[in-house]
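A structural walkthrough
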Amino acid sequence: MLTRPEAVPVCLCLDNEETHSTLVKALERAGFPVQSIADDSNAMARAQVVIFQPSARTAHYLNEYGSRKAWVAYSETHPSADVDGYRAQGIREILYVDELAPHRLRRTIGRALYAQHSLQQLSRYDGLTGLYSNRGFLEVTDQALFNVASNGRLVALLAMDIRRFNDLNAQYGFSYADLVLTQVAERLRRALGPLAKIARLGGDEFLILLENLADRESAERLVNRILSLFDEPLDTRDRPLKLEVDMGLVCYPQTLGSAEELLRHAHTAMHRAKSSQSTLYRHEQGLGPAPRVNIEQELRQGLRRNEFELFYQPRVCLRTHRLLGLEALIRWHHPEHGLLSPSEFIQAAEHSGLIVPLGYWIIDQVCHDLQVIQSHGLTEVTVASNLSFRQLQDEQFCQVMPRLLSRSGTDARMLEFELTETAVLTDPARAMKALRAVNDMGATLSLDDFGTGYSSLTHIRQFPISLLKIDRSFTQRVTLDREADSIVRSIINLAHDLQLRVVAEGVENPEQLDFLISNGCDQVQGFLFSHPRPLWETLQMIDHTLRHFAAERSGSASRSA
């Protein structure tokens, strides 16, 4: 719940004593408890709101605390000459010298708190199910592991996914599949209640945290309760649906490690359950003989046997209504499990290190596919693909990339590489070296899934990134949720202030599209235009789909005029 503005502690980070004294008096009149860096070095850590003027000390605190604080810039000139600099740091609230009346202070500070709260809430929860997101789940898991030291209880982590979920997507469509996911989430929530924290990672994968357990048997009983939930079919659109799941279990402190390490163990155990067709696999089993089939071994075989394929999804310019680019999305034609999406194997590839050769295969295939795309007259269309943080850490990266481009004769200017915040911030120095090399070759760099991580543009803006992608979990809530509307507008404005172009992912209906157009978004992609398809299908549908879109938008503009 959002705290009343006047109930939160405010920290002043100001060098001018007269300004400091003026603001202290104004804030106290408005009912705010005031602390100052000058008086107390720990004031920043305790405060929720920081009022500041630019200085080297302020820059240090911005880097350290980022979105964990609500920041308000103070200016004695109206308008502020530093407004562009503030916006470049993600700060949109400016308090002017003539706005120190109590009601104006409460309004400005309230807006800053609301924006910070909205960003944090949206990044902590899954937009479809309302469960925790990966970030939110890691936070509660960290706290649960910390509590073990004082309460001596057991913590269990479960990773779970739905068997043959891709078949549901293919047979009944994505809206039906989303209905299934929401019903699974609700069934888990009702059955476990306060006993568990539940997250959806994306796709059909769920995570479950069970804490304060007396012993291993208590964990096993709850696991059996979860499995029994799927004995009864779901009632979806007058069509009863019987689901089967695969689950991986790890218990702490029987297995030691950080929250991320334990989640990795649970995820690996889930894949071992899938490959051994045993429904549940316990991580501790892996301390004995290896399972019959290993996901890492299958990935190696898949690379050798050329079992992977790139699907493509169009990206459309909202100003010209023309195709600007395609995003390459990998799929695995698994010999036993059929067509697998990245959510079902990329994490295993990351953990094993196989993401590096797989990533180079993707780049090489994109280069070859680009020749086919251009032979169809699409000579100005760029192709985007993901770069893993492990690829950026690969010492051979700067040597391998030019060889791949040279071998296919690809113009690097036609390539775009998408990175997550994790990829660039895991090892910033090495990432900077690799990204500069890519940028020097002429390729474009974009920041993917913006808003789902820690969103620290204070750090990110030092990298040569020219495009920002709004995550689909935000896009899909616009027009339905005022907070989402506000967040997406803020992201678009912030990106434009930083001279970045903006792409919205996950556009599925005309209402979302109209919202993005009216708020100045530059480009979009999503199911409204096309599902990801193999290259040949993509080339066949591009002309018809985009010609229809351009005609429809042109007609709409004429009618509104």
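For the structure, see preceding data.
Residues numbered from 1 in each chain as written. Predicted model: local features only at pLDDT ≥ 70, side-chain atom pairs only at ≥ 80, totals over all residues. Heavy atoms only, no water.

A look at the overall build of the protein chain
Of regular secondary structure, the protein chain possesses 22 helices and 22 strands. Long-range pairs, those at least 24 residues apart, make up 67% of the contacts in the protein chain between residues at least 6 apart in sequence. Working note: accessible area of the protein chain is about 25400 Å², and carbon and sulfur atoms make up 48% of it. (Helix = DSSP H or I, 4+ residues; strand = E, 2+ residues; numbered from the N terminus. Contact = heavy atoms within 4.5 Å. Areas by Shrake-Rupley, 256 points an atom, 1.4 Å probe, with all protein chains shown as cover.)

A short note on the sheet that holds strand E7 (residues 196–202)
Here five strands make up an open sheet; going across it, the order is E7-E8-E6-E11-E12 and the pairing mixed. Lying at the two open borders of the sheet, with one neighbouring strand each, are E7 and strand E12 (280–282). For this sheet the average axis-to-axis angle between neighbouring strands, irrespective of direction, equals 20 degrees. Note: strand E11 (residues 245–252) against E12, three bridges, orientation parallel. If you follow Met247 over to E12, its bridge partner there is Leu280. The sheet strands contacting helix H8 (residues 174–192) are strand E6 (154–162), E7 and strand E8 (205–213), and the helix crosses E8 at an angle near 5 degrees. (Pairing = 2+ DSSP bridges. Axes fitted to C-alpha atoms, helices over the stretch in contact; angles between N-to-C directions.)

Remarks on helix H1 (residues 17–29)
End to end, H1 covers 18 Å across 13 residues, agreeing with the expected 18 Å (1.5 Å per residue, within 8%). Regarding H1, the residues found buried are Thr19, His20, Leu23, Val24, Ala26 and Leu27. Taking the backbone nitrogen of Glu18 as reference, a side-chain oxygen 2.9 Å away marks Asn16 as the first, capping residue of H1. (Expected span 1.5 Å × (residues − 1). Buried < 20%, exposed > 50% of the residue type's maximum accessible area, 1.4 Å probe, protein only. Polar contact = N/O pair within 3.5 Å; in protein donor to acceptor, adjacent residues only side chain to side chain.)

A short note on the environment of Asp161
If you trace the backbone, Asp161 turns up in strand E6. Overall, Asp161 belongs to the buried group, its relative accessible area being 2%. Sequence separation of Asp161 and Val245 is 84 residues, and the distance between their C-alpha atoms is 5.6 Å.

Focus: the sheet that holds strand E3 (residues 49–52)
Pairing in this open sheet of five strands is parallel, and the strands run E2-E1-E3-E4-E5 from one edge to the other. Since the sheet does not close on itself, it has two edges, and those belong to strand E2 (34–36) and strand E5 (94–96), each with one partner. Strand-to-strand twist across the sheet, computed as the mean angle between neighbouring axes with direction ignored, equals 30 degrees. Where strand E1 (residues 10–13) meets E2, three bridges bridge the pair, whose relative direction is parallel. Of the residues in E2, the one forming a bridge with Cys11 is Gln35. Of the strands in this sheet, E1, E2, E3, strand E4 (70–75) and E5 are in contact with H1, which crosses E1 at around 165 degrees.

Topic: the pattern of salt bridges
For the structure shown, the criterion picks out 17 salt bridges. Linking Glu186 and Arg189 is a salt bridge whose minimum nitrogen-to-oxygen distance equals 3.1 Å. Placement of both Glu186 and Arg189 in helix H8 is noted, with a separation of three residues, approximately one turn of the helix. We note a salt bridge from Arg305 to Glu307, for which the minimum N-O separation is 3.9 Å. A network of salt bridges, in which partner residues are shared, links Arg315, Glu327, Glu416, Glu418, Lys469 and Glu505. (Salt bridge = Lys/Arg side-chain N within 4 Å of Asp/Glu carboxyl O.)

What to know about the side chain of His334
Looking at where His334 falls in the secondary structure, it is placed in strand E14 (residues 323–334). Side-chain polar atoms of His334 contact the side chain of Glu298, separated by 3.1 Å. Ignoring anything within four residues of it in the chain, the contact list for His334 reads Glu298 and Leu340.

Concerning the packing of H8 against helix H9 (residues 216–228)
Across the interface, H8 lies against H9 with an axial gap of 10 Å and an inter-helix angle of 140 degrees. The pairing of H8 with H9 is recorded here as oblique in orientation. Handedness of the crossing formed by H8 with H9: right-handed. Contacts between H8 and H9 involve Leu188, Ala191 and Leu192 on the former and, on the latter, Leu222, Arg225 and Ile226. Looking at the contact of H8 with H9, its residues break down into five nonpolar, no polar and one charged. (Parallel < 35°, antiparallel > 145°, perpendicular 65-115°, else oblique. Left-handed = near helix turned anticlockwise from the far one by under 90°. Nonpolar A, V, L, I, M, F, W, Y, C, P; charged D, E, K, R; others polar.)

Here we look at the side chain of Glu416
Looking at the secondary structure, you find Glu416 in strand E17 (residues 415–419). Look at Glu416 and you get buried, because its relative accessible area is 4%. Once residues lying within four places of it in the same chain are set aside, the contact partners of Glu416 are Arg315, Val383, Ala384, Ser385, Thr444, Ser446 and Leu467.

Examining the packing of helix H13 (residues 355–375) against helix H15 (residues 397–408)
Closest axis-to-axis distance for the H13/H15 pair is 9 Å, and the angle between their directions is 25 degrees. In terms of orientation, H13 and H15 fall into the roughly parallel class. Crossing hand, H13 versus H15: right-handed. Touching Tyr360, Ile363, Asp364, Cys367 and Gln371 of H13 are Phe397, Val400, Met401, Leu404, Leu405, Arg407 and Ser408, all from H15.

What about the pairing of strand E13 (residues 308–317)?
Where burial is concerned, most of E13 is hidden: nine out of the ten residues are buried. Linking E13 to E14, which pair antiparallel, is a turn of five residues; within it His321 sits at a positive phi near 65 degrees. Sheet analysis places E13 next to strand E22 (residues 533–534), joined by two bridges and oriented antiparallel. Each bridged residue has a counterpart across the sheet, and for Phe311 the counterpart in E22 is Pro534. Pairing between E13 and strand E21 (residues 523–524): two bridges, direction antiparallel. In the sheet register, Val316 faces E21, and the bridge partner there is Val524.

Examining H13
Spanning 21 residues, H13 covers 30 Å between terminal C-alpha atoms, matching the ideal 30 Å at 1.5 Å per step. Following H13 by one or two positions, Gly377 has its phi on the positive side, about 85 degrees.

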